[in-house]
Amino acid sequence: EPIEIDLEEEIEDFSNLEPFVVYVSGSDTRSNMLTVSRSDVNILAVVNPETKQILLVTTPRDAYVELPTQYYNMDKLTHAALFGGVDSSIATLANLYDITIDHYVRLNFTGFSAIVDALGGIEVYSEVEFWQADENGNEHYFEQGWNYLDGEAALSFVRCRYAFVDGDFQRGRNQMAAIQGILDKVMSPSILTSYIPLMDSIAGCFSTNFTDEEIAELVQMQLDDGASWNITSYEVAGWADAAWCYSLGEEASIVFLDSE
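This write-up is about the structure you can find in this document. (Residues numbered from 1 in each chain as written. Predicted model: local features only at pLDDT ≥ 70, side-chain atom pairs only at ≥ 80, totals over all residues. Heavy atoms only, no water.)

1. As for the packing of aromatic side chains
What counts, and what does not: Centres within 6.5 Å are what make two rings of Phe, Tyr or Trp a pair, Trp counting through its six-membered ring; a difference in plane orientation under 30 degrees is then read as stacked, over 60 as edge-to-face, and the rest as tilted. Counting from the N terminus, the helices are the DSSP runs of H or I reaching at least four residues and the strands are the DSSP runs of E reaching at least two. To sort residues, take the accessible area from a 1.4 Å probe on protein chains only and compare it with the maximum for the residue type: under 20% means buried, over 50% means exposed, and anything in between is partly exposed.
Counted according to the given criterion, the structure contains 11 aromatic pairs. An angle of 80° between the planes, with centres 6.4 Å apart, marks the rings of F20 and F210 as edge-to-face. You can see F20 sitting in strand 1 (residues 20-27) and its partner F210 sitting in the loop between strand 11 (206-208) and helix 7 (212-225), a full 190 residues away along the chain. What makes F210 buried here is its relative accessible area of 13%. Among the aromatic residues, those joined into a ring-pair cluster are F130, F142, F157 and F164.

2. Structural notes on the sheet that holds strand 1
Strands belonging to one sheet form pairs held by backbone hydrogen bonds; the direction of such a pair is parallel or antiparallel. Formally: In this analysis, strands are considered paired if DSSP registers two or more bridges between them. Convention adopted: a line fitted to C-alpha atoms gives each axis, helices being fitted over their contacting stretch, and angles between N-to-C directions are expressed from 0 to 180 degrees.
Taken together, six strands build an open sheet; the order of strands is 11-6-1-2-3-12 and the sheet is mixed. With partners counted over all chains shown, the strands left at the sheet margins are strand 11 and strand 12 (230-235), one partner each. For this sheet, the mean angle separating the axes of adjacent strands, direction not counted, is 20°. Bridge count for strand 1 against strand 6 (residues 103-107) is five bridges, and the pairing is parallel.

3. Considerations on the pairing of strand 3 (residues 53-58)
Regular strands show a simple pattern: their side chains alternate between the two faces of the sheet. Taken together, the six bridges between strand 2 (residues 39-48) and strand 3 define a ladder with antiparallel strand orientation. Looking at the pairing, N48 lines up with Q53 of strand 3. Relative to strand 12, strand 3 runs parallel, the two being bridged by six bridges. Within strand 12, the position partnered with V57 by the bridge is Y234.

4. With respect to the pattern of salt bridges
Just so we agree on the cut-off: Salt bridge, as applied in this entry: a Lys or Arg side-chain nitrogen positioned within 4 Å of an Asp or Glu carboxyl oxygen.
As enumerated under the stated definition, the model contains eight salt bridges in all. A salt bridge links R61 to D62; its shortest N-O distance comes to 2.9 Å. Side by side, R61 and D62 carry an identical accessibility label, which is buried. Within this structure, D40, R61, D62 and K76 form a network of salt bridges that share partners.

5. Concerning helix 3 (residues 151-159)
With seven of its nine residues buried, helix 3 lies for the most part within the structure. Those residues of helix 3 lying buried are G151, A153, A154, L155, S156, F157 and V158.

6. Section: the nonpolar core
Here is the rule we go by: Nonpolar cores are built from buried Ala, Val, Leu, Ile, Met, Phe, Trp, Tyr and Cys residues. Side-chain atoms within 4.5 Å join them into one set. The contact definition used throughout considers only heavy atoms, calling two residues in contact when any of these lie within 4.5 Å.
In this structure, F112, L119, L149 and F157 are the most contacted members of the largest nonpolar core, which totals 25 residues. Those elements that place two or more of their residues in this core are helix 2 (109-118), strand 7 (122-126), helix 3 and helix 4 (168-186). Top contributing element to this core by residue count: helix 3, with five residues. Contacts of F157, omitting those with residues within four sequence positions, involve V124, Y125, S126, F130, F142, L149, N174 and A177. Listed in part, the 18 residues of the second largest apolar core include V22, V24, A45 and I215.

Have a look at this one:
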């Protein structure tokens, strides 16, 4: 069973225009069940309903961080979820950035593909041209610029890292580009006016602590004003190295984050 966390018991009223933070977690599992596993995608979405701005911040999966264990051991960020699921990853990032994380959305590879297909595909902007083969041996080509992706192609787009000189950093940028593509599609009137059947079609593909009432409030807010949103993406810089990791009990490749 997925590990849930109650960060707020009461229903949040988004019409008060208070900013909130959503943790987007991508599990490395491929089954339909969201089990306790590593988190290969770690993106914070800071949403300001008043100014209609969304800030996406990605942290490398191998970032060397303090785990919320008894003695605050050091390890890769991706391993935080092994010590308590999504709530452990949330605690790790909240401690790292000294912020409060209000909500989470967690999905795995299978769920990601299903969501993209349920939306009818997405458009993403690729900073670079590259090829990537999926698990079935199918080659996917991504040109520099805009690309239309179905679920299978979108999964290849967000998983690829070995094709890039800066590896996981470019993968993080691609993951944020995919999230922006999903947000752009979700905010279209055709999707918003039929969001309940859409949610039913992707049930079981993700877990979240957003309540049905909170989702309805967000949808209604967007339908009422039809505003355009400005989405900005940032990556946390760092450099590759090696250090002792708590979960492994030995030295492993990690990323030291640039504190500045």
